[in-house]
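Spelled out, the chains give:
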Amino acid sequence: MTQHSRCLLLCPRVWTSLENGRVALKPPGPPVEGTVLHYSCHAGFILEGRNISHCTKLGKWDSPKPTCLCKKKLYIGALFPMSGGWPGGQACLPSAQMALDLVNNRSDILPDYELELIHYDSMCDPGEATKLLYDLLYTEPIKIVLMPGCSGVSTLVAEAARMWNLIVLSYGSSSPALSNRQRFPTFFRTHPSATLHNPTRVQLFQKWKWTRIATIQQTTEVFTSTLDDLEQRVKEAGIEISVRQSFLTDPAVAVKNLKRQDARIIVGLFYETEARKVFCEVFKEKLYGKKHVWFLIGWYADNWFKIKDPAINCTVENMTEAVEGHVTTEIVMLNPETIRGASNLTSQEFLAALMSRLGGKNPEETGGFQEAPLAYDAVWALALALNKTVAPLKAKGRRLEDFNYNNHDITAEIYRALNTSSFEGVSGHVVFDAQGSRMAMTLIEQLQGGSYKKIGYYDSSQKNLSWFGNDVWIGAGPPADRTVVIEEFRFLSQKLFAAVSVFAGLGILLGIVCLTFNIYNGNVRYIQNSQPYLNNMTAVGCMMALAAVFPLGIDGHHIHSSQFPVVCQFRLWLLGLGFSLAYGSMFTKIWWVHTLFTKKEDKKEKKKHLEPWKLYATVGVLLAIDFLSLMIWQIMDPLHITVEKFTKEAPKGDLDVLIQPLLEHCSSEKMNTWLGVVYGYKGLLLLLGIFLAYETKSVSTEKINDHRAVGMAIYNVAVLCMITAPVTMILTSQQDASFAFASLAIVFSAYITLVVLFVPKMRRLITRGEWQSEQQDTLKTGSSTNNNDEEKSRQLERENRELQKIIQEKEERVSALRNQLAERQALRNRRRPSTGTANQNHSAPPPPPPSSQPDPKSLLPPPGYPNPATDNHSLPPSFSNSSNLYQADSKMSRNHCHNSQIPLLYK
């Protein structure tokens, strides 16, 4: 079956050409049935009508021929720094122009408008920018938006722009100060603020569980503002900035302060040249290694620490060692993912197109090459925002071309559109925060083996951390944010406590024995004359003081800290009342002995009788004073537990820990004041007791027959207390030494007091058998011998023994003198001539009569005493009656001695 041929009608050729536009014919050839025409306009023109037309079999086009009309232009005033401190315009200007070309060729973005860029070179100088801003504002045409670069220039432009109702969109400003909405109400920027590093840093601090950091910054506005923002963010995250150091040119002192404050996690904010100075000092101070982590800004050159700098005296090897392992955060200015965004280009395709436009220039030598994606996305953000305002303005009867510097409504619509912008650009996801700053991803890198390795990204807008897990640490892992301080309480040596407790327990048993002895023999006259009730008080006081040793040694090793105040109370009351009873009873005895028996003779008889109630009242007064003072102390300023901290100690081994020794004390708010009052009062009592004991050492009285023993005990107690009190206050931070001094002073004082007061009484009663009371002794012997007479008899016996000793010494002296006299007489006789006998007889004294010769019997000692000397010579007449002093008369008193004999005895 064959197909019949037919003729095709041609469509009018006039449709195949378009003024100010282009026509694409498919398929090529004459326009016959099936031919399709595609229309497009040149740049600056807009197509009116359908952009496609088909040729029908009737030889006609199915749609009218379109036309290209001229687009309305919208002008952008831009300042690109082509030179100066930051020549960022060298790459940013070509990038912005490339974006404008793509936007103007898009029929879906501002189809009725064409964006045109009017730009000047600001040289990154605010002064030059002021002049150029004036030209932009007062020279036609009207600019709908301003696009400055550099933080200083942007600050100037943004602050003035609100007076002309202009939106400012910056591509290269990082100063945190520009985030001030009150000062810069119409400012936006695609370059993230320098503070955008801070959310990433905080995220890393939390990831590695760091709650304590330190900072060091160069004193410039941008770093100060960044650090202020970081301080606010870490405070909200519960992280502490322990040290904040700054420097202008020389960081040596700041680095030393970091070392001194034990900084471990350190954020450094400074320019590259200052970074080399900082890390030279870091090397000198050894502030690096496995215990330290440094956070730096990521926009330094990759080999910044290897560049030779005459301002430092560290080698490249030193610098490489010091910077190893530090972490950097850098704003992601090029999308790391292969995503086609609003411009339909991936980041790599953008870089290729930019390199083509730059004509093969070296990117490292082209200023602003890293920021070029930000300028590209700034144009796209502006175009998309303007496109978004067309419909709202049309609804209000307004058009973009109607904009002037007095029209606030169009500015408000553009502001609203930019504030809600959100699209994928070649620099990443483009979105602005409430302050108009770009929310961008942050690249996290770590220096490993001398080169930077990517270890993660952080998207602050999504709060999403992408972690690669390839971070490397010198130690086993991330270091601690501080030296780990282990609190360790210092407790009393248990061996010391046990040893002293044994002595205290034995002392309490001795006190019980003494108390039992004193009570059981209370009816014995000798015990009665020692005021046994006062002795009982002394024994009880000693036992209470000894009992205070046990709570004195109890600490956190034995009880919980909540129970420690109770132990403090036991210490205070047992020791205070025990001292008052023991020392107060002894002080009372010595006080009354001094009061009654050291007065003048004419007053002795009046005060001869001692009433016991006065003794007890004196002890009661002393005890009441102590009780009231302790009660007032505990009511007004009760004892509580305090913890003393000592200097941290480093344990043996390379451990990143320190030991914090702690010691628990019983204390009150005004402890020193209370101790001063108590010690002052007790000290006066001790001194007064010593004085009274000294004054009464020669007093003999039967009413308090053990006052000399009491005086001896007072001496010992006073000396021990006066030595121990200041020593324990000095050694309060040394628990073992302080306890040893205090407890042993208590033990020795109690032992000495008990032994001195009670052991002589026990010995006397045991050796002499004086166990019976006065009534029992009367029943046994049938007589009631007066104990006072016995005491006098014993005293006379002692005096007789003393006198005998004196007489013996005198007799020996007389005998020696007589021997000397006889020798001299014999010598004199030999010298005389024998012929002088008559004269000799005449001059010689007559012999004494027989009656005048001393009786040899009179020279014999009293019965029961040995012969005083072997010399046969007789005693002088004056000693003839001396033996009468030693007749065994038990009732004889000192007054019975003849007064005339006393001078001779002591001659």
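Values in this document were obtained by computation on a predicted structure and should not be read as measured data.

All right, on to the overall build of the protein chain then. Check the secondary structure of the protein chain and you find 25 helices and 23 strands. Looking at the protein chain residue by residue over its 907 residues, the buried ones come to 44%. A separation of at least 24 residues holds for 70% of the contacts in the protein chain among residues at least 6 apart in sequence. Only carbon and sulfur atoms are counted for the fraction: they give 57% of the accessible area of the protein chain, which is about 47100 Å².

In the structure shown here, the tally under the stated rule is 21 salt bridges. For Glu413, the salt bridge goes to Lys396, with nearest N and O atoms at 2.9 Å. Of this pair, Glu413 sits in helix 11 (residues 408-419) while Lys396 is found in the loop between helix 10 (372-395) and helix 11, placing the two residues 17 residues apart along the sequence. In this structure Lys396 comes out as exposed when scored by relative accessible area, which is 52%. Where Arg482 meets Asp481, a salt bridge forms, and the shortest distance between an N and an O atom there is 3.3 Å. The exposure class of Arg482 is partly exposed, given its relative accessible area of 29%. For Asp481, a relative accessible area of 9% puts it in the buried group.

This part is about the nonpolar core. The biggest cluster of nonpolar side chains holds 72 residues, and the ones touching the most others in it are Leu115, Met147, Leu386 and Leu400. Not counting residues up to four positions away in its chain, the partners in contact with Leu115 are Leu74, Ile76, Leu100, Val103, Asn104, Leu110, Ala383 and Leu386. Counting residues in each nonpolar core, the second largest holds 54 residues, with Val222, Leu287, Leu296 and Ile297 among its members.

Taken together, the three strands give an open sheet; going across it, the order is 1-2-4, and neighbouring strands pair in antiparallel fashion. Each edge of the sheet is formed by a strand with only one pairing partner; in this case those strands are strand 1 (21-26) and strand 4 (52-54). Ignoring strand direction, the axes of neighbouring strands in this sheet form an average angle of 20°. The sheet contact formed by strand 1 and strand 2 (residues 36-41) spans six bridges and is antiparallel. Bridge pairing in strand 2 places Arg22 opposite Ser40.

Here the focus is the state of the cysteines. Inspection of the entire model under this criterion finds five disulfides. Disulfide partner of Cys11: Cys55, at an S-S distance of 1.7 Å. Taking the torsion about the sulfur-sulfur bond, which here is approximately 90°, the covalent link between Cys11 and Cys55 counts as right-handed. Remark: Cys55 occurs in the loop between strand 4 and strand 5 (67-70) and Cys11 occurs in the segment before strand 1; sequence separation between them is 44 residues. Judged by its relative accessible area of 2%, Cys11 falls in the buried class. For the protein chain, numbering the cysteines in disulfides from first to last along the sequence yields the connectivity 1-3, 2-4, 5-6, 7-8, 9-10.

All right, on to the sheet that holds strand 6 (residues 72-79) then. What the five strands build is an open sheet, ordered 7-6-8-9-10; its pairing is parallel. Lying at the two open borders of the sheet, with one neighbouring strand each, are strand 7 (113-120) and strand 10 (187-189). For this sheet, the mean inter-axis angle between neighbouring strands, taken without regard to orientation, is 25°. Strand direction decides the pairing type here: strand 8 (residues 143-147) and strand 9 (residues 167-170), joined by two bridges, are parallel. When the bridges of strand 9 are listed, Val145 appears paired with Ile167. In the packing of helix 1 (residues 89-104) onto the sheet, contacts are made with strand 6 and strand 7, and the angle to strand 7 comes to roughly 165°. Most of the contacts of helix 3 (residues 151-161) go to strand 9, to which it runs at about 165°, and overall it touches strand 6, strand 8, strand 9 and strand 10.

Below, the discussion takes up helix 4 (residues 197-207). Think of an α-helix as turning once every 3.6 residues; residues three or four places apart then point the same way. Most of helix 4 sits inside the fold, with eight of its 11 residues counted as buried. Burial in helix 4 covers these residues: His197, Asn198, Pro199, Thr200, Arg201, Val202, Leu204 and Phe205. At the exit of helix 4 stands Lys209, carrying a positive phi of roughly 60°.

On to the packing of helix 19 (residues 671-695) against helix 20 (residues 707-730), then. Think of two packed helices as two axes; the pair is described by the angle between the axes and how far apart they sit. As a packed pair, helix 19 and helix 20 sit with axes 9 Å apart at the nearest point and diverge in direction by 150°. By the angle between their directions, the pair helix 19 and helix 20 is classed as roughly antiparallel. Relative to helix 20, the crossing made by helix 19 is left-handed. Together, Tyr679, Gly683, Leu686, Leu687, Gly689, Ile690, Ala693 and Tyr694 of helix 19 and Gly711, Ile714, Tyr715, Val717, Ala718, Cys721, Met722, Ala725 and Met729 of helix 20 make up the contact between the two elements. Here the contact of helix 19 with helix 20 is built from residues that sort into 14 nonpolar, three polar and no charged.

Counting across every chain of the model gives 29 aromatic pairs. The structure contains a cluster of three or more aromatic residues connected by ring pairs, namely Phe205, Trp208, Trp210, Phe295, Trp467 and Trp473. A cation over a ring is seen here: Arg181 above Phe188, with NZ or CZ 5.0 Å from the ring centre. The positively charged end of Arg490 is found above the aromatic ring belonging to Phe646, 4.2 Å away from the centroid.

This next bit is on the side chain of Glu371. Here Glu371 is to be found in the loop between helix 9 (347-358) and helix 10. For the buried Glu371, no salt bridge exists, and the shortest N-O distance to an oppositely charged side chain is 12 Å, to Arg438.

Attention now goes to the environment of Thr211. By secondary structure assignment, the location of Thr211 is in the loop between helix 4 and strand 11 (212-218). The exposure class assigned to Thr211 is partly exposed, which follows from its relative accessible area of 39%. Along the sequence, Thr211 and Ala237 sit 26 residues apart, while their C-alpha atoms lie 8.8 Å from each other. Setting aside its immediate chain neighbours within four residues, Thr211 contacts Gly238, Ile239, Glu240, Asp481 and Arg482. A polar atom in the side chain of Thr211 sits 2.9 Å from the side chain of Arg482.

All right, on to a nonpolar patch on the surface then. Where nonpolar side chains cluster on the molecular surface, the patch consists of Phe627, Leu628, Met631, Ile632, Ile635 and Met636 and spans about 610 Å² of accessible area. Inspection of the secondary structure puts Phe627 in helix 18 (residues 612-636).

What follows covers the confidence of the model for the protein chain. Per-residue confidence for the protein chain averages 82 on the pLDDT scale, and 86% of its residues sit at or above 70. Highest mean pLDDT in the protein chain belongs to strand 9 (96); lowest belongs to helix 25 (residues 901-905) (37). Note that residues 772-786 has pLDDT below 50 and, in this model, 10 contacts with residues that lie over four places away or in other chains. Throughout residues 834-907 the model reports pLDDT below 50, and contacts reaching past four residues in sequence, or to other chains, amount to 62 contacts.

Scoring rules and cut-offs
- Here, residues in each chain are numbered from 1, in the same order as that chain's written sequence.
- With pLDDT at 70 or above as the cut-off, local features in this predicted model cover only qualifying residues; side-chain atom pairs require 80 or more to be listed or tallied, and sums for whole chains, interfaces and linings still use all residues.
- To get the side-chain values, all heavy atoms of the structure are used, and hydrogens and water are removed first.
- A run of H or I in DSSP counts as a helix once it spans at least four residues, and a run of E counts as a strand once it spans at least two, with each numbered from the N terminus.
- Working definition: with a 1.4 Å probe on protein chains only, accessible area under 20% of the residue-type maximum means buried, over 50% means exposed, and in between means partly exposed.
- Contacts: residue pairs with any heavy atoms within 4.5 Å of one another.
- All accessible areas in this document rest on Shrake-Rupley with a 1.4 Å probe, and a residue is counted as covered only by the protein chains that are shown.
- Salt bridge, as used here: a side-chain nitrogen of Lys or Arg that lies within 4 Å of a carboxyl oxygen of Asp or Glu.
- Residue types Ala, Val, Leu, Ile, Met, Phe, Trp, Tyr and Cys, when buried and joined through side-chain atoms within 4.5 Å, form a set referred to as a nonpolar core.
- If DSSP finds at least two bridges between two strands, the strands pair.
- As a rule, the C-alpha atoms of each element are fitted with a line to give its axis, helices using only the stretch in contact, and angles between N-to-C directions run from 0 to 180 degrees.
- Any two cysteine sulfur atoms lying within 2.5 Å of each other are counted as a disulfide.
- Any angle that falls under 35 degrees is termed roughly parallel, while one over 145 is termed roughly antiparallel, one within 65 to 115 roughly perpendicular, and all others oblique.
- Whether a crossing is left-handed or right-handed is set by the direction in which the near helix is turned from the far one by less than a right angle, anticlockwise for left-handed and clockwise for right-handed.
- Ten residue types, Ala, Val, Leu, Ile, Met, Phe, Trp, Tyr, Cys and Pro, are classed as nonpolar, four, Asp, Glu, Lys and Arg, as charged, and the remainder, Gly among them, as polar.
- Stacked, edge-to-face and tilted labels apply to pairs of Phe, Tyr and Trp rings (six-membered ring for Trp) whose centres lie within 6.5 Å, assigned for plane angles under 30 degrees, over 60, and everything in between, in that order.
- Two thresholds decide whether a charge sits over a ring: the Lys NZ or Arg CZ must be within 6 Å of the ring centre and within 35 degrees of the ring normal.
- Note that His is not counted, nor are the chain ends; the positive residues are Lys and Arg, and the negative ones are Asp and Glu.
- Here a polar contact means two N or O atoms within 3.5 Å. Within protein one must be a hydrogen donor candidate and the other an acceptor candidate, and residues neighboring in sequence count only if both atoms are side-chain atoms.
- Exposure above 30% relative accessible area and the lack of any salt bridge qualify a residue for a patch; like charges then connect within 9 Å, and the nonpolar side chains Val, Leu, Ile, Met, Phe, Trp and Tyr within 5 Å.
- Values of pLDDT, ranging from 0 to 100, describe the predictor's confidence in every residue of the model.

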